[in-house]
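# Fold and contact review
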Amino acid sequence: MAEGETLFCAFHPNVPTTLRCNRCGRPICVRCAVQTPVGYRCRECVAGQQALFFNARPLDYGIAAVAALVLGLIAAPLVAALGFWAIFVGPLVGSLTAGAVHRLIGRRRGRWIWLVASGGLAAGLLLWRLPLWLASPFLLTRALWDGVYLAMAISTVIGYLRFWR
């Protein structure tokens, strides 16, 4: 680069910059720069590096969905019988589901495995409870405890599969 030459961001051509991605060397502006422990990188280089950590196969998503649905169907009658105690059962079911899914997919990581497992748990509860909710709309307290259970179970699945693993 010549001494007086002005660089412009590779993604925002009207924005002058002095930064460069330390991996690919593209000029990037402050809005495009992502700070990493080794310096600033462009979003594409960061996304490429993160993609290496996700090694789940497409079949793993189906396995996760089926496993979470089955465990959700098994837990739904238990939650229906417990009412208030669903607060304590939710994290237990969530951790059991996340652990089972993680083992069944061969301990591989997927970008959206946590979402699929959470949807399976919700679908299991919904398949079990929806006929009851439609038959008797006065069961609002039951729906409330089902919602509390689901919030606790799903937050545990998300914490385990998305953030911890």
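Described below are features of the structure shown in this document.

Definitions and limits used
- Residues numbered from 1 in each chain as written.
- Predicted model: local features only at pLDDT ≥ 70, side-chain atom pairs only at ≥ 80, totals over all residues.
- Heavy atoms only, no water.
- Axes fitted to C-alpha atoms, helices over the stretch in contact; angles between N-to-C directions.
- Helix = DSSP H or I, 4+ residues; strand = E, 2+ residues; numbered from the N terminus.
- Parallel < 35°, antiparallel > 145°, perpendicular 65-115°, else oblique.
- Left-handed = near helix turned anticlockwise from the far one by under 90°.
- Contact = heavy atoms within 4.5 Å.
- Nonpolar A, V, L, I, M, F, W, Y, C, P; charged D, E, K, R; others polar.
- Phe/Tyr/Trp six-rings, centres within 6.5 Å; stacked < 30°, edge-to-face > 60°.
- 1 Å grid on protein atoms, 1.4 Å probe; cavity = no way out; pocket = protein on both sides within 12 Å on 5 of 7 lines; lining within 4 Å.
- Points joined across faces, edges and corners; volume = space filled by probe spheres on them.
- Buried < 20%, exposed > 50% of the residue type's maximum accessible area, 1.4 Å probe, protein only.
- Salt bridge = Lys/Arg side-chain N within 4 Å of Asp/Glu carboxyl O.
- Patch = residues over 30% accessible without salt bridge, like charges linked within 9 Å, V, L, I, M, F, W, Y side chains within 5 Å.
- Areas by Shrake-Rupley, 256 points an atom, 1.4 Å probe, with all protein chains shown as cover.

## Side note on the packing of helix α2 (residues 58–82) against helix α3 (residues 86–104)
To describe two helices that pack against each other, one gives the angle between their axes and the distance between the axes. At a minimum axis separation of 10 Å, α2 and α3 run at an interaxial angle of 160°. By the criterion of interaxial angle, the relationship of α2 to α3 is roughly antiparallel. The handedness of the crossing between α2 and α3 comes out as right-handed. The residues of α3 that touch α2, namely those facing Ile63, Ala64, Ala67, Ala68, Leu71, Ala75, Leu78, Val79 and Leu82, are Ala86, Val89, Val93, Leu96, Thr97, Ala100, Val101 and Leu104. Its residues placed into classes, the contact of α2 with α3 shows 16 nonpolar, one polar and no charged.

## With respect to the packing of aromatic side chains
Evaluated as defined, the whole model comprises five aromatic pairs. Within the aromatic cluster, the residues linked to one another by ring pairs are Phe84, Trp85, Phe88 and Trp145.

## Here we look at the layout of surface pockets
The computed volume of the largest pocket comes to approximately 260 Å³. Looking at the largest pocket, it is lined by 14 residues, and the ones nearest its centre are Phe54, Gly110, Arg111, Leu161 and Arg162. Where the lining of the largest pocket is concerned, the elements lending two or more residues are α4 (113–135) and α5 (140–164). Of the residues assigned to the lining of the largest pocket, the class counts are seven nonpolar, two polar and five charged.

## Some words on the environment of Cys9
Relative to the helices and strands, Cys9 is located in the loop between β1 (7–8) and β2 (16–17). You can call Cys9 buried: its relative accessible area is 3%. Once the C-alpha coordinates of Cys9 and Cys29 are considered, the two residues, 20 residues apart in sequence, prove to be 5.3 Å apart. Leaving out residues up to four positions away in the same chain, Cys9 has contacts with Val15, Thr17, Pro27, Ile28, Cys29 and Cys32.

## Comments concerning unusual backbone geometry
As a rule of thumb, non-glycine residues mostly have phi less than zero, and peptide bonds are mostly trans rather than cis. With phi around 60°, Arg107 is a residue other than glycine that occupies positive phi space. Note that Arg107 resides in the loop between α3 and α4.

## Some thoughts on the pattern of salt bridges
Under the definition given, this model contains three salt bridges. A salt bridge links Glu44 to Arg26; the nearest nitrogen and oxygen atoms lie 2.8 Å apart. With Glu44 in helix α1 (residues 43–51) and Arg26 in the loop between β3 (19–20) and β4 (27–28), this pair connects stretches of sequence that are 18 residues apart. We classify Arg26 as partly exposed; its relative accessible area is 27%. The partner of Arg129 in a salt bridge is Asp146, and the shortest N-O contact between them spans 2.8 Å. Of this pair, Arg129 sits in helix α4 while Asp146 is found in helix α5, placing the two residues 17 residues apart along the sequence. Asp146 shares its class with Arg129; the two are buried.

## Description of a nonpolar patch on the surface
Residues Val66, Val70 and Ile74 make up a contiguous nonpolar surface patch of roughly 280 Å² in combined accessible area. Its location among the elements puts Ile74 in helix α2. The exposure class assigned to Ile74 is exposed, which follows from its relative accessible area of 58%.

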